[in-house]
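Listed here are the chains, written in short residue letters.
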Amino acid sequence: MLRMIAAAMLAALLLPGAVPAQQAEPLRITIDNPNIEPMPIAAPVFIARNAKAAEYASDLVDVMVNDLTGTALFRLIPRAAYISSPARLDATPKFENWRAINADKLIVGSVSMRRGKLTVRFRLWDVPSGTQDGDGLQLVGDRKDWRRLAHKMADAIYSRITGETGYFDTRIVFVAESGPKNRRVKRLAIVDQDGANLRYLTGGNDLVVTPRFDPTSQRVIYLSWATGSPRVFLMNVDTGQREELEHQPGMTFAPRFSPDGSKVVMSLSIGGNTDIYVVPLGTRQRIQVTDSPSIETAPCFSPDGTQIVFESDRSGSQQLYVIPAGGGEARRISFGQGRYATPVWSPRGDLIAFTKQLGGRFYIGVMRPDGSDERLLTASYLDEGPTWAPNGRVLMFFRDTGGAASLPALMSVEITGRNLRRAPLDIPGSDPAWSPLLD
Amino acid sequence: MRRSLAISAALHMIIILLAMFSGQIFRSDEARAIQISEVELISPAEFDAAFSTAPEAPKSELPSLSPPELDGAEIDAPDAPQTPEKLAIERIGADRAEDAPRLDAVREEPRPDIALDVPAAPEAPVDSAAPEGVSLITPRVVGPAIPEQRRQRPDATTLAPESPARPAPRISTTPAPKPPTDATPAEEASPEVAPSDTATEVAEEKPAEAPPEAATEIVPEVENEPETIESVTPLASAPPPKRPRRPTRTAEARPEETRPAPAASPNSAQPRPSTNRQLGPPVTRQEKEGIALPIRKHWNFATLAGLPDADSLVVEIRLKVTPDGRIRDLQPYRPRNPEGNFRRAFDLARRAILIAERNGALKFPPQEKYERWKEIILTFDPKRNRVGF
Amino acid sequence: MKLMKLVMVAATALGVAACSSPPPAEEPAAPTISEGSVQYFNSVVGDRVLFAYDSSALSDEAQEILTRQAQWLNAYPNVTAVIEGHADERGTREYNIALGARRANATRAFLIAQGVDGARLRTVSYGKERPVMTCPSESCWSQNRRTVTVVEGAPTS
């Protein structure tokens with residue numbers, strides 16, 4: 001009944017509109033295959049609100065802009081091209097001056113300093129539409145943390161424009177390498193994501209490899225031969241404090257934290273056979289996850305902690321498998337040609353990154369957790385050991401070009417395959433691990 | 001009970017129908033199926049080409065890496081615990097000026113002054129903003145953060161009423177000005193370098209050009225009340241002082257600067273065709289390209305291309321176009337109220353349209369077909385070939 | 001029966017070793033190396049065996065060398081040994097540690113089968129971290145896929 005009334009009303013209302021028989025449908029046009037090119041941004045030197053802040057006015061912008069342009073999603077329009085510069089943070093920019101130089105976004109900021117504390121404020125403007133992108137932000141921090149203030153700004157801007165969290169206020173722990181291949185010296189080191197503040201964490205007498213960050217803190221787990229055998233160690237990178245994970249027989253290696261930081265998954269080799277174990281950091285009592293005469297190693301938790309992806313040669317060569325974190329049936333997920341190794345689950349869960357070997361070359365690739373949609377992103381003599389930026393959009397890994405004198409370099413690539421580049425680090429390194437975002 | 005329900009339903013129906021009748025074409029916002037494009041294989045040659053610029057690993061070690069003599073002591077032992085301190089982050093008000101310059105002939109719908117919604121919480125004076133002697137600062141809110149929804153965004157950019165005071169720049173006969181890729185160096189510095197507070201803008205027909213990279217000078221964007229450095233402007237309170245109305249400009253002012261007065265007389269040269277008029281022949285593919293190509297040229301999807309759902313961020317935009325080829329209305333069509341990443345996708349698409357229009361690059365089909373193109377729905381489908389192999 | 005076989009294999013190997021050893025008189029340096037020394041073990045007995053790619057199987061040649069090692073270790077019961085497992089650089093780091101462990105264990109098991117007390121034999125894997133040769137080709141990689149028996153508790157020379 002109701003329906004009939006509604007239908008009648010609909011007909012009555014539509015009738016007059018239906019009269020002009022020549023009314024055209026809107027013209028439909030589809031536009032596809034968009035450009036992928038850096039977005040031009042303008043970032044004038046910040047306004048110094050008092051004399052003491054003046055020295056930071058351009059450094060803050062430069063560090064922030066360097067973060068943004070390093071993604072290859074943005075490029076800075078050279079300041080020399082700017083027609084005007086904002087004199088006040090709260091003034092609406094003269095957009096015509098920024099449209100004239102084809103700026104898409106304009107970042108205007110101010111900085112002041114008092115008693116060693118910097119106060120930074122900025123606004124992000126969308127130039128074509130002449131509107132503000134989100135609210136202005138104010139950041140306060142110690143003067144010595146000025147680079148972090150810049151990274152935080154870059155994170156906020158990146159997030160507003162791309163819809164994903166940024167990854168600029170982060171650090172990389174890695175293995176700094178030096179010396180010839182047969183007398184290689186390896187030291188744990190930590191560096192800001194943009195290459196600043198390099199600091200060594202170990203001395204170089206002990207062989208150390210594969211540091212990995214706790215996703216919830218600034219704690220690192222790594223492998224060291226300090227006791228004469230490969231053993232897993234924990235270190236607080238801020239205090240330098242170290243401890244062996246456990247004192248039990250066997251070689252332990254390939255450690256990684258669980259997503260909540262409460263457990264470690266790793267390999268234990270006894271009698272030449274390598275299986276996967278979980279060690280809760282509270283009890284430190286090993287829980288066996290796999291039990292097979294083949295090699296099971298390079299385990300990594302899924303972001304929800306319910307599954308573990310690892311590599312095994314049970315089929316005859318290295319392939320990737322997923323198993324429930326408490327043990328159970330392992331399901332093979334890699335079926336392409338070649339060998340698959342070092343699986344690492346993306347923090348956002350949608351992809352698993354891996355190292356692939358095929359035809360004498362090494363590749364970094366990604367696939368979905370069910371093994372579908374495999375894509376290789378890089379290739380070289382040796383590309384190995386991917387690690388995810390905390391937003392799951394960028395991978396870092398290391399590359400060795402081969403040769404008696406070659407030293408590895410840290411590289412990064414976006415999961416789209418774009419922006420393959422050397423990490424901004426001027427020393428050789430391997431085994432990078434990305435920290436979570438700092439607080 | 002049932003009766004009141006029925007009445008309510010009927011009233012709702014009427015409202016919906018009225019909305020439909022008032023010109024909006026009703027469409028359900030059904031979710032589009034997510035489509036995943038096939039992974040494109042590229043040839044080894046292409047791959048090598050793509051990576052040929054890949055940086056080489058360093059060929060030699062750095063001297064600074066020479067291993068230290070001792071174990072243990074030579075670590076860069078943190079002098080103090082190096083725990084990174086928390087940084088305080090706060091929002092500052094979403095103030096905006098009322099007289100923000102706007103796009104050529106495009107006017108945003110009047111919006112409430114958002115700053116008024118914010119209980120005035122003038123920020124503490126500049127130099128006492130940071131609590132002293134506290135190293136770990138938790139975020140402190142200066143004035144309530146403004147919820148995302150309450151922030152007005154100019155999705156509904158509505159055109160100035162009907163007709164412009166001048167003929168819109170139709171470029172169909174002359175080659176469209178080459179859209180500058182960046183700050184295209186001009187032969188000479190663009191006269192816009194003139195200080196902005198000398199209110200007479202220089203009449204300049206050509207699209208604004210950036211001065212050569214060695215700019216003559218950069219002019220501070222000062223309004224007529226220069227701020228002393230130490231003075232404090234509450235961030236979350238009132239919008240900046242109104243810019244004084246500019247003196248009248250020369251008649252040939254640049255398109256960006258000429259905003260037709262709302263009450264401008266209708267353009268008699270281009271009478272609005274009646275709706276009963278003949279439709280004319282169908283719009284050809286080539287004629288569609290005259291609209292699509294300039295827009296695609298400015299459609300840059302880089303910032304969203306890495307999202308897991310990037311390919312599904314298809315947005316449709318409805319344009320209403322005047323007979324003389326100006327966009328008088330630009331609305332999101334599907335999704336109707338884009339949010340989140342659809343919002344960002346919409347922004348990128350709108351940007352492309354606005355720049356193409358500003359450059360005078362859009363070429364609409366001939367007048368005789370106006371009934372067919374007075375309303376255009378543009379579908380922006382970001383699917384593209386992926387990099388990788 | 002098994003033991004009998006082993007003894008025979010050992011005897012044969014010993015014979016081969018004896019035959020292939022040059023007469024002491026013709027070796028000027030020889031007199032200075034004592035048979036119970038680390039140097040003798042490393043250079044005369046042979047401290048390392050090589051493996052095929054991604055394999056921990058002991059080749060005939062490897063078994064020959066390990067048989068000599070076992071005889072030497074049995075002759076000097078106070079000596080202990082660490083068996084290092086190594087891999088070439090054509091594998092990933094963690095897998096290579098597991099592979100090195102597998103190789104070291106294969107070597108250790110063979111020595112035990114030859115009568116060496118397992119308590120004297122410790123294994124450690126270095127994966128691809130300690131190559132002896134550095135060129136990026138098979139000639140070097142084949143030398144790096146190895147186990148090395150490092151004896152302790154014997155005089156150096």
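Values in this document were obtained by computation on a predicted structure and should not be read as measured data.

Basis of the calculations
Residues numbered from 1 in each chain as written. Chains lettered and ligands numbered in written order. Predicted model: local features only at pLDDT ≥ 70, side-chain atom pairs only at ≥ 80, totals over all residues. Heavy atoms only, no water. Helix = DSSP H or I, 4+ residues; strand = E, 2+ residues; numbered from the N terminus. Buried < 20%, exposed > 50% of the residue type's maximum accessible area, 1.4 Å probe, protein only. Contact = heavy atoms within 4.5 Å. Areas by Shrake-Rupley, 256 points an atom, 1.4 Å probe, with all protein chains shown as cover. Pairing = 2+ DSSP bridges. Arc of directions from axis to C-beta. Polar contact = N/O pair within 3.5 Å; in protein donor to acceptor, adjacent residues only side chain to side chain. Buried area = accessible area lost by both parts, 1.4 Å probe. Salt bridge = Lys/Arg side-chain N within 4 Å of Asp/Glu carboxyl O. Nonpolar A, V, L, I, M, F, W, Y, C, P; charged D, E, K, R; others polar. Axes fitted to C-alpha atoms, helices over the stretch in contact; angles between N-to-C directions. Parallel < 35°, antiparallel > 145°, perpendicular 65-115°, else oblique. Left-handed = near helix turned anticlockwise from the far one by under 90°. Disulfide = S-S within 2.5 Å.

A word on the overall build of chain C
Part 1 of the reasoning: When helices and strands are tallied, chain C shows five helices and four strands.
Part 2 of the reasoning: Start at the N end of chain C and walk to the C end: the helices and strands fall as α-α-β-α-β-α-β-α-β.
Part 3 of the reasoning: Looking at chain C as a whole, 49% of its 157 residues qualify as buried.
Part 4 of the reasoning: For chain C, long-range pairs separated by at least 24 residues make up 76% of all intrachain contacts whose partners lie at least 6 apart in sequence.
Part 5 of the reasoning: Just so you have it, chain C exposes about 7,400 Å², and 60% of that area is on carbon and sulfur atoms.

Digging into the pairing of strand 4 (residues 146-152) of chain C
All names here are of chain C.
Part 1 of the reasoning: Along strand 4, five of the seven residues are buried, which leaves the element largely enclosed by surrounding structure.
Part 2 of the reasoning: Where strand 1 (residues 48-50) and strand 4 come together, three bridges link them in antiparallel fashion. The partner of Arg48 across the bridge, within strand 4, is Val148.
Part 3 of the reasoning: Sheet analysis places strand 2 (residues 80-86) next to strand 4, joined by six bridges and oriented antiparallel.

Topic: helix 2 (residues 38-46) of chain C
Residue and element names in this part refer to chain C.
Part 1 of the reasoning: Val38, Tyr40, Phe41, Val45 and Gly46 are the residues of helix 2 that are buried. Buried residues of helix 2, viewed axially, fall in a sector of 155°; they line one side.
Part 2 of the reasoning: Where helix 2 is buried, its residues meet strand 1, helix 3 (60-75) and strand 4.

Some points on the side chain of Lys356(A)
Residues and elements named next belong to chain A.
Part 1 of the reasoning: One can find Lys356 in strand 26 (residues 352-358).
Part 2 of the reasoning: Polar contacts involving the side chain of Lys356 include one to the main-chain carbonyl oxygen of Gln337, which spans 2.9 Å.
Part 3 of the reasoning: Separated by 2.9 Å, the side chains of Lys356 and Glu374 make a polar contact.

Details of the interface of chain C and chain A
Part 1 of the reasoning: With 28 residues of chain C at the contact, the number on the chain A side is 46 residues.
Part 2 of the reasoning: Both faces combined, the contact of chain C with chain A buries some 3,000 Å², and carbon together with sulfur accounts for 52% of it.
Part 3 of the reasoning: Of all residues in chain C, the largest losses of buried area upon contact with chain A belong to Arg90(C), Arg93(C) and Glu94(C), amounting jointly to 24% of the total for that side.
Part 4 of the reasoning: Glu94(C) is the salt-bridge partner of Arg212(A), the closest N and O atoms lying 2.8 Å from each other.
Part 5 of the reasoning: Counting across the interface, chain C meets chain A through 18 residue pairs in polar contact (both at pLDDT 80 or more).
Part 6 of the reasoning: Within the residue set of the side of chain C that touches chain A, elements represented by two or more residues are helix 4 (93-113) and strand 3 (121-127) of chain C.
Part 7 of the reasoning: Residue contributions to the side of chain C that touches chain A peak at nine residues, all from helix 4 of chain C.
Part 8 of the reasoning: Residue classes in the side of chain C that touches chain A are distributed as twelve nonpolar, six polar and ten charged.

Overview of the packing of helix 2 (residues 54-70) of chain A against helix 4 (residues 146-162) of chain A
Residues and elements named next belong to chain A.
Part 1 of the reasoning: Put simply, helix 2 and helix 4 touch, their axes get as near as 8 Å, and they point 45° apart. By the angle class used here, helix 2 and helix 4 are oblique. Crossing geometry of helix 2 relative to helix 4 is assigned as right-handed. Side by side, helix 2 and helix 4 meet where Tyr56, Asp59, Leu60, Val63, Met64, Asp67 and Leu68 of the first sit next to Trp146, Arg147, Leu149, Ala150, His151, Met153, Ala154, Ile157 and Tyr158 of the second.
Part 2 of the reasoning: Residues belonging to the contact of helix 2 with helix 4 are distributed by class as follows: twelve nonpolar, one polar and three charged.

Observations regarding the sheet that holds strand 22 (residues 307-312) of chain A
Residues and elements named next belong to chain A.
Part 1 of the reasoning: The strand order across the open sheet built from four strands is 21-22-23-24, with neighbouring strands paired in antiparallel fashion. Two strands close off the open sheet at either side, each with one partner strand: strand 21 (296-301) and strand 24 (331-332).
Part 2 of the reasoning: In the sheet, strand 23 (residues 319-324) pairs with strand 24 via two bridges, with the strands oriented antiparallel. Paired with Val322 across the two strands is Arg331, which belongs to strand 24.

Details of the state of the cysteines
Each disulfide consists of a covalent bond between the sulfur atoms of two cysteine residues.
Residues and elements named next belong to chain C.
Part 1 of the reasoning: This structure, assessed with the given rule, holds one disulfide over all chains.
Part 2 of the reasoning: Cys135 shares a disulfide with Cys140; S-S distance 1.9 Å. Measuring the twist about the S-S bond at about 120°, one finds the Cys135-Cys140 disulfide to be right-handed.

Observations concerning the pattern of salt bridges
Part 1 of the reasoning: Tallying each qualifying case throughout the model produces 45 salt bridges over all chains.
Part 2 of the reasoning: Residues Asp126(A) and Lys105(A) are paired through a salt bridge, measuring 2.8 Å at the closest nitrogen-oxygen approach. With Asp126(A) in strand 7 (residues 117-126) and Lys105(A) in strand 6 (residues 105-114), this pair connects stretches of sequence that are 21 residues apart. Here the two residues Asp126(A) and Lys105(A) agree in accessibility, since each one is buried.
Part 3 of the reasoning: Measuring nitrogen to oxygen at the nearest pair gives 2.8 Å for the salt bridge that ties Asp54(C) to Arg339(A). One end of the pair, Asp54(C), is in the loop between strand 1 and helix 3; the other, Arg339(A), is in strand 25 (residues 339-345), on a second chain.
Part 4 of the reasoning: Classification of Asp54(C) as buried rests on a relative accessible area of 17%.

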